[in-house]
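# What the coordinates show
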Amino acid sequence: MGSLASERTVTGWAAKDPSGILSPYTYTLRKTGPEDVVIKVLYCGVCHTDIHQTKNHLGMSNYPMVPGHEVVGEVEEVGSQVSKVQVGEIVGSGVIVGCCRECTSCKSNIEQYCNKKIWSYNDVYTDGNPTQGGFASAMVVDQKFVVKIPSGLAPEQAAPLLCAGVTVYSPLKHFGLMETGLRGAILGLGGVGHMGVKIAKSMGHHVTIISSSNKKRAEAIDHLGADEYLLSSDETQMATAVDSLDYIIDTVPVFHPLEPYLSLLKVDGKLILMGVINQPLQFVSPMVMLGRKSITGTFIGSMEETQEMLYFCEKKGLTSMIEVVKMEQVNEAFERLERNDVRYRFVVDVAGSKLDG
Ligand SMILES: [Zn+2]
Ligand SMILES: [Zn+2]
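Going along each chain's sequence as written, the residues are numbered from 1 onward. Think of it this way: whatever chain is written first is A, whatever ligand is written first is 1, and the rest follow in order. Residues qualify for local features only when their pLDDT is at least 70, as the model is predicted, and side-chain atom pairs are given and counted only at 80 or more; totals for whole chains, interfaces and linings, by contrast, use all residues.

## Considering the overall build of the protein
What counts, and what does not: Only DSSP runs of H or I with at least four residues qualify as helices, and only runs of E with at least two residues qualify as strands; both kinds are numbered from the N terminus onward. Using C-alpha atoms as the atom set, the radius of gyration is obtained and then compared with a globule rule of 2.2 Å times the number of residues to the power 0.38. Around each residue's C-beta, the other C-beta atoms within 10 Å are counted; 20 or more make the residue buried, 12 or fewer make it exposed, and counts in between make it partly exposed. All C-beta atoms are placed from the backbone. Two residues form a contact once the distance between their C-beta atoms, set from the backbone, is within 7 Å.
A tally of helices and strands in the protein yields 11 helices and 17 strands. Computed over its C-alpha atoms, the radius of gyration of the protein comes to 20 Å, within 12% of the 21 Å expected for a compact globule of 357 residues. Each principal axis of the C-alpha distribution contributes one length, and for the protein these read about 65 × 40 × 40 Å. Taking all 357 residues of the protein together, the buried fraction comes to 45%. Sequence separation of 24 or more characterises 67% of the internal contacts of the protein that already satisfy a separation of 6 or more.

## Observations regarding the sheet that holds strand S11 (residues 206-211)
Threshold: The pairing criterion is simple: DSSP has to find at least two bridges between the two strands. Axis lines are fitted to C-alpha atoms, over the contacting stretch for helices. Their N-to-C directions set the angle, which ranges from 0 to 180 degrees.
Within the open sheet, the six strands sit side by side as S12-S11-S10-S13-S14-S15. Their pairing is parallel. Of all the strands in the sheet, the pair left with one neighbour each is strand S12 (228-231) and strand S15 (294-297). Pairs of neighbouring strands in the sheet enclose a mean axial angle of 20°, with direction left out of account. Pairing geometry for strand S13 (residues 245-250) and strand S14 (residues 265-273), over five bridges, is parallel. Note on S14: the bridge partner recorded for Tyr-247 is Lys-270.

## With respect to the nonpolar core
Applicable threshold: We define a nonpolar core as a collection of buried residues of the types Ala, Val, Leu, Ile, Met, Phe, Trp, Tyr and Cys that are connected via C-beta atoms lying within 7 Å of each other.
Counting 95 residues, the largest nonpolar core has Trp-13, Val-37, Ile-39, Val-41, Phe-135, Ile-248 and Val-348 as its most contacted members. Take this core: its biggest share by element is seven residues, from strand S3 (residues 36-45). Here Val-41 is in contact with Val-71, Gly-73, Gly-134, Ala-136, Ser-137, Ala-138, Met-139, Val-350 and Ala-351, once residues within four sequence places are set aside.

Scope: geometric values only; no functional claims are made or implied.
Given below as structure tokens:
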């Protein structure tokens, strides 16, 4: 264990420019403050956002950048005021690592909606230094942004829950959609979509996958446990599903018409958008008026919800479908994720990898 007064040098894998190619990078972590938790990273999931950030798709990337925001690790050291976790415990850290603590969102414990939230990487921390993510040997995170990984969850299995998992759990909880027997659909079967099926099934919902191709039909029904598979290009299938759903979780990250999906919702049904689409989406107003339907969107979940979701997943015996890779394979994993060639989430075995190249 290092001393509380010293900074520590760590090696991570960073993108150095918009090619997005990751390679070893050495940097220092801040001194362990009173509220800080030093986490030895064990596993880190690969999220689609990591590609957008490392390749500067959003035009706001700073390099060198160590991505990774689905972090599971072991507590190596804690600051003097830390009461939430202890040395040796397995913990998680997600998309944000700081907030202002003063705004309405922060005071309502929905810090993910704080306008001054601090992203776990490609952001600037309160000390003026860049934040770096979980593809590294260690991270220092304020205890507010650390959750306990329940003992019943394998650490590598838990990693995708910290972003993809809570992303679907939060809207279902917030909009009162946790009741058994509800009928939901998942549009788009990637990392978030697959967690959507798993979590909605754990809540006892009837779950339909809506997809533009039949490619994933067998997989969705046989392995993921979806109840139905609806081909969006098949007008007859779509017509029979009109007015049948309580909600649709729409994870598609590219432009698509909303009207075919709005028509599938029952009265009071909700279309919940989760894909980042920087283009106006269109619908005509009667599509929502004649059915009191909502089009809404949510962003990850609060720390409280994240912790609750982890215990929920433990209780339900929920497992994510992952492909574990070493850090040496991370560039290949990014490439394959970009082609949607993964079932369904890559998780990097950080502690089991040689990080210095
Ligand atoms: Zn993510
Ligand atoms: Zn705030």
